[in-house]
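# Overview (structure and organization)
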Amino acid sequence: MGRTVIKAGTVVTATETMGADVLVDGEKVVALAAPGSHDWESGAERVIDASGKYVLPGGIDVHTHMELPFGGTFASDNFETGTRAAAWGGTTTIIDFAVQTKGGSAMEGYESWREKADGNVAIDYGLHMITGDINEQTLKEMDVLVDEGVTSFKLFMAYPGVFYSDDGEILLAMQKAAENGSTICMHAENGIAIDVYVEQALKRGQTDPLYHGLVRKALLEGEAAHRAIVLAELTGAPLYIVHTSAKEAVNEVIQARDRGLNVFAETCPQYLFFDLDDLGNGFEGAKYVCSPPMRDRAAGHQDALWQGLRTNDLQVVSTDHCPFCFNDHPELGRQKRLGDEDFSKIPNGMPGVEPRMEVLFDGGVNQGLIGVNRFVEITATTPAKMFGLHPQKGTIAVGSDADIVIFDPNEKHVISVDNQHMRVDYSAYEGLEVTGKVKCVLTRGRIIVENGEYLGNPGDGRYLKRDTNQYLI
Ligand code: DUC
Ligand code: ZN
Ligand code: ZN
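The model shown is predicted, which means the values in this text are computed figures rather than measured ones. (Residues numbered from 1 in each chain as written. Chains lettered and ligands numbered in written order. Predicted model: local features only at pLDDT ≥ 70, side-chain atom pairs only at ≥ 80, totals over all residues. Heavy atoms only, no water.)

## So, the coordination of the zinc ion (ligand 3)
- Summarising the metal site, the zinc ion (ligand 3) is bound by the protein donors H63 (NE2), H65 (NE2) and D320 (OD), whose distances to it range over 2.0 to 2.2 Å.
- In this structure, the zinc ion (ligand 3) is positioned 3.6 Å from the zinc ion (ligand 2). One end of the pair, H65, is in the loop between β6 (59-64) and β7 (69-70); the other, D320, is in the loop between β15 (316-317) and α12 (356-365), with 255 residues separating them in the sequence.
- Take H65: its relative accessible area is 4%, and that puts it in the buried class.
- Note on D320: relative accessible area 7%, which makes it buried. (Donors = N, O, S within 2.8 Å, 3.2 Å for Na, K, Ca; no water. Helix = DSSP H or I, 4+ residues; strand = E, 2+ residues; numbered from the N terminus. Buried < 20%, exposed > 50% of the residue type's maximum accessible area, 1.4 Å probe, protein only.)

## Here's the deal with the coordination of the zinc ion (ligand 2)
- Here the zinc ion (ligand 2) is held by the protein donor atoms K154 (NZ), H187 (ND1) and H243 (NE2), which lie 2.1 to 2.3 Å from it.
- Coordination at the zinc ion (ligand 2) is irregular: its four donor atoms span angles of 84 to 131° at the metal.
- Considered as a linear motif, the donors of the zinc ion (ligand 2) on their single chain read K-x32-H-x55-H. (Tetrahedral: all angles 85-135°; square planar, octahedral: opposite > 155°, others 65-115°.)

## What to know about the packing of aromatic side chains
- For the structure shown, the criterion picks out 18 aromatic pairs.
- For the pair Y54 and F361, a centre-to-centre distance of 6.2 Å together with 65° between the ring planes defines the contact as edge-to-face. Here the residue Y54 occupies a position in strand β5 (residues 54-57), and F361 occupies one in helix α12, the gap between them amounting to 307 residues.
- Arranged with centres 5.7 Å apart and planes meeting at 50°, the rings of F156 and Y159 form a pair that is tilted.
- According to the relative accessible area criterion, F156 is buried, its value standing at 3%.
- For Y159, a relative accessible area of 14% puts it in the buried group.
- Three or more aromatic residues link up through ring pairs in this structure, and these residues are F70, F156, Y159, F163 and F324. (Phe/Tyr/Trp six-rings, centres within 6.5 Å; stacked < 30°, edge-to-face > 60°.)

## Quick notes on the packing of helix α2 (residues 106-117) against helix α3 (residues 136-147)
- The geometry of α2 relative to α3 is characterised by a closest axis approach of 9 Å and an angle of 35° between their N-to-C directions. Across the interface between the two elements, A106, M107 and Y110 from α2 touch E141, V144 and L145 from α3.
- Classifying every residue of the contact of α2 with α3 by side-chain character gives five nonpolar, no polar and one charged. (Axes fitted to C-alpha atoms, helices over the stretch in contact; angles between N-to-C directions. Contact = heavy atoms within 4.5 Å. Nonpolar A, V, L, I, M, F, W, Y, C, P; charged D, E, K, R; others polar.)

## Here we look at the domain arrangement of the protein chain
- As assigned here, the protein chain comprises domain 1 (3-56 + 392-409 + 432-454) and domain 2 (58-383).
- Placing a centre on the C-alpha atoms of domain 1 and another on those of domain 2 gives a separation of 31 Å.
- Facing 32 residues of domain 1, the contacting portion of domain 2 comprises 24 residues.
- Summing both sides of the interface, domain 1 and domain 2 together bury roughly 2100 Å²; the carbon and sulfur share of this comes to 64%.
- Summed over the three residues of domain 1 that lose the most area to domain 2, namely A14, G394 and Y454, the buried surface amounts to 24% of that side.
- Taken together, domain 1 and domain 2 are joined by two salt bridges.
- Between K393 and D124 there is a salt bridge, with the nearest N and O atoms lying 2.7 Å from each other. (Domains from an automatic or database assignment. Buried area = accessible area lost by both parts, 1.4 Å probe. Salt bridge = Lys/Arg side-chain N within 4 Å of Asp/Glu carboxyl O.)

## Observations regarding the site of ligand 1
- Taken together, the residues surrounding ligand 1 are L68, K154, F156, Y159, H187, H243, C290, S291, D320, C322, N348 and G349.
- Contact between ligand 1 and H187: an oxygen atom at 2.9 Å from a side-chain N or O atom of the residue.
- Residue N348 places a main-chain N or O atom 2.8 Å away from a nitrogen atom belonging to ligand 1.
- Relative to its unbound accessible surface of 240 Å², ligand 1 loses 100% to contact with the protein. (Near = heavy atom within 4 Å. Polar contact = N/O pair within 3.5 Å; in protein donor to acceptor, adjacent residues only side chain to side chain. Areas by Shrake-Rupley, 256 points an atom, 1.4 Å probe, with all protein chains shown as cover.)

## Brief notes about the sheet that holds strand β9 (residues 91-100)
- If you trace the eight strands from one edge of the open sheet to the other, you get β6-β9-β10-β11-β12-β13-β14-β15, paired in parallel fashion. The open sheet has two edge strands, β6 and β15, and neither has a second partner.
- Bridge count for strand β10 (residues 124-131) against strand β11 (residues 152-156) is two bridges, and the pairing is parallel. Counted as the bridge partner of I130 is K154 from β11.
- Docked against the sheet, helix α4 (residues 167-180) engages β11, β12 (183-187) and β13 (239-241), running at close to 150° with respect to β12.
- Together, β6, β13, β14 (263-267) and β15 form the strand contacts of helix α13 (residues 372-386), whose direction differs from that of β6 by roughly 65°. (Pairing = 2+ DSSP bridges.)

## So, the pattern of salt bridges
- Per the counting criterion, the structure on display carries 30 salt bridges.
- Among the ionic pairs, R334 bridges to D340, the shortest N-O distance being 2.9 Å.
- D340 gets classed as partly exposed once you look at its relative accessible area, which sits at 36%.
- One continuous salt-bridge network, built from bridges that share partners, spans E27, K28, D124, K393, D401, D403, R444 and R462.

## Describing the nonpolar core
- Counting 118 residues, the largest nonpolar core has M174, I184, M186, L239 and F375 as its most contacted members.
- Looking at this core, the element that brings in the most residues is helix α7 (residues 218-235), giving seven residues.
- Both of domain 1 (3-56 + 392-409 + 432-454) and domain 2 (58-383) provide at least three residues apiece to this core.
- Apart from the residues lying within four places of it in its own chain, the contact partners of I184 are F153, L155, A173, M174, A177, A237, P238, L239 and Y240.
- V29, I404, L442 and I447 belong to the second-largest nonpolar core, a separate cluster that totals 16 residues. (Core = buried A, V, L, I, M, F, W, Y, C linked by side-chain atoms within 4.5 Å.)

## Overview of the side chain of S182
- By secondary structure assignment, the location of S182 is in the loop between α4 and β12.
- Setting aside residues no more than four positions away along its own chain, S182 makes contact with V146, T151, S152, F153, A177 and P238.

## A closer look at the environment of M1
- In this structure, M1 sits in the segment before β1 (3-12).
- On the accessibility criterion, M1 (48% relative accessible area) is partly exposed.
- Sequence spacing of M1 and D25 is 24 residues, and the spatial spacing of their C-alpha atoms is 7.6 Å.
- Beyond its immediate sequence surroundings of up to four residues, M1 is in contact with D25, G26, E27, E45, R46, R444, G445 and R446.

Below, the structure written as structure tokens:
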């Protein structure tokens, strides 16, 4: 693969916004220079004119669930379809969650996720491990997994009987993480209490998707976040709270960080842009059923999340991409409609890997809530540091992988199921007009999206053996 010049664009990193030409040789960025200052074009195989456009580091989505088994079905995107859709949306790296099931081994979970992904992914990928069964063997396997580049483990305080870990199990896993340098990712919701509310609601005949949002109370997210933070403090394990949606949880994170703890948190676009009302509207609300749920806007949850993003109390925006079809699917069968008479049977999850960058740019940068450097920081640079991929990923610098997005900040377009690439039959953002569009995507120097065409192949992406957390305080 020869040289590519990206000329006359505005290069944006977490810290700089600068007019610059970028020289890519093979898979790497090899030079940046003032626009037109070097004659790189004559020896180049390709020249991309980026005038009037941003040149961004490829997005990194550290929270996806391709093919996740959930509630009697599987997330509808597999690694091939999901990573291709990610690329269309300007994301060039994902970190997906491999699963250790109850009674199974974590290594088996890892190997089976590698098998699903290798040869199919369009972009580079890493893995976290959902450790669904903490026991002596799992604790040993955590060390082996760190050597394999799986340097983060997700525990669930929700979903009793499925992924759930009790406080003792969490403590043991955190002790191990403190020892081997890994990071604990936590789904912080008090699932035991939530299940009581679920049963009580169903007994009252409250079966609509809206009740999914009402039983999974914000206070129970805050309580779980608090408990997770206490256990992390006791053990010294770095803690990363996933998909934060409640202001109570944000407040716990703020207090922990003010005390200097290695406590971090992400949120997701759905919690920034949707609310409890989206869960109403009869069964249509099933499209927005995920956990934790959408929150009440009037109670100030969205405001707290945006504020957290501005103050760096929240460091990352990922998606928790976990799509399920709304209508029956010829191969996947019933998905969201499994819960048409009982909200607790609706598979939890939403499609999001493709629109993340564009909706966040439009709803965050264009609305003046975050600046463009902060946009890059929370979608690419910090994700890379948090999960041991920097500076190979997450920035545009000499020596970094040439994972680059040419982004037109002025182009308007409408998000719709009719123009998306995720394998799912609805868009949560149907009809939303956004300003800002991904025009061209390079992964490790190769153009895979250009002029509305997909030019990549399944298997273009590679497994990333990740380092440990590079974001520790
Ligand atoms: N939440 C979801 O909405 N889906 C998958 C798992 C999770 O924690
Ligand atoms: Zn979760
Ligand atoms: Zn998740």
